[in-house]
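Architecture at a glance
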Amino acid sequence: MGGTFDPIHYGHLVTAEAVRHEFAIDQVLFIPTGQPPHKALGAVSDAESRYLMTLLATESNEHFYASRMEIDRGGFTYTIDTIRALQKIYSPGTEIFFITGADAFYQMFGWHNAEELLGACTFVAATRPGYQKEELIRRIGVTNQDHPRRRFHFLEVPALAISSSDIRERVRNGRPIKYLVPEAVENFIKKHRLYREEEKG
Ligand code: ATP
Ligand code: MG
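For every chain, the first residue of its written sequence is number 1, and the numbers climb from 1 along that sequence. Lettering for chains starts from A, numbering for ligands starts from 1, and both go in the order in which the items are written. Predicted model: local features are reported for residues with pLDDT of at least 70 only, side-chain atom pairs are reported and counted for 80 or more only, and whole-chain, interface and lining totals are derived from all residues. To obtain the side-chain values, all non-hydrogen atoms of the structure were included, while hydrogens and water were left out.

**Section: the pattern of salt bridges**
Opposite charge on two side chains allows them to pair when their charged atoms are near. Using the following cut-off: One side-chain nitrogen of Lys or Arg within 4 Å of one carboxyl oxygen of Asp or Glu is enough to make a salt bridge. A run of H or I in DSSP counts as a helix once it spans at least four residues, and a run of E counts as a strand once it spans at least two, with each numbered from the N terminus. A 1.4 Å probe rolled over the protein chains alone gives each residue an accessible area, and that area as a share of the maximum for its type sets the label: buried under 20%, exposed over 50%, partly exposed in between.
Taken as a whole and judged by the stated rule, the model has 8 salt bridges. With its nearest N and O atoms 3.0 Å apart, the salt bridge here joins Glu 17 to Arg 20. In this pair, Glu 17 and Arg 20 are both assigned in helix H1 (residues 10-22), 3 residues apart and thus about one turn of the helix distant. Overall, the relative accessible area of 29% leaves Glu 17 in the partly exposed class. The partner of Glu 116 in a salt bridge is Arg 84, with the nearest N and O atoms 2.7 Å apart. Residue Glu 116 is found in helix H6 (residues 114-120), and its partner Arg 84 is found in helix H4 (residues 79-89); the two are separated by 32 residues along the sequence. The partly exposed category is assigned to Arg 84, whose relative accessible area is 33%. A single network of salt bridges, built from pairs that share partners, joins Glu 48, Arg 68 and Asp 72.

Shown next as structure tokens:
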């Protein structure tokens, strides 16, 4: 699961755990992006803070790991480079799942090398209960029939209303974020005074 993770929250964690269980996945890597090409420079917290919050949030799950690979690679982050790197690290028979929210899944089809991505991993997109996934499939214009190995799946998760942008705004406005993020992440945000200024970019 890749993301800006600015900050990581229970929406990410609940989704990853549900997908892990559903597809019997051995390890979930949470991979904070370096500089995302579609987000303005300076609009995103420094990579080290985002990585540390991801590490804190994933510690209590034995299947969850925080990965520095995109941050350490430097430059703009393209997901396809990450998938290629993972293919080299893991043994050839390893199935790679790409976990996203439905929003990111939809946007992905405008990404650099979307076709290669589709060929390289199985996608699981988290949808809201009742969300029209047929509508989503129609909008992306591909079906599992086009991809014989059923390369994408949708899974309903209950925590989709949580977002990092809402959490940042809550911090700016002095509203609580307790129970939206793990306590260690809440403490980190407080201690390092993240998200106190007006959003830049
Ligand atoms: P922002 O509000 O800044 O866009 P975000 O909450 O969407 O942040 P990201 O780091 O951008 O968090 O998202 C990383 C991945 O997690 C994306 O695939 C996104 O679709 C997914 N995601 C985000 N929020 C949720 C949620 N509440 N439930 C499930 N998946 C989510
Ligand atoms: Mg988002």
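After that view of the structure, there is still more to cover.
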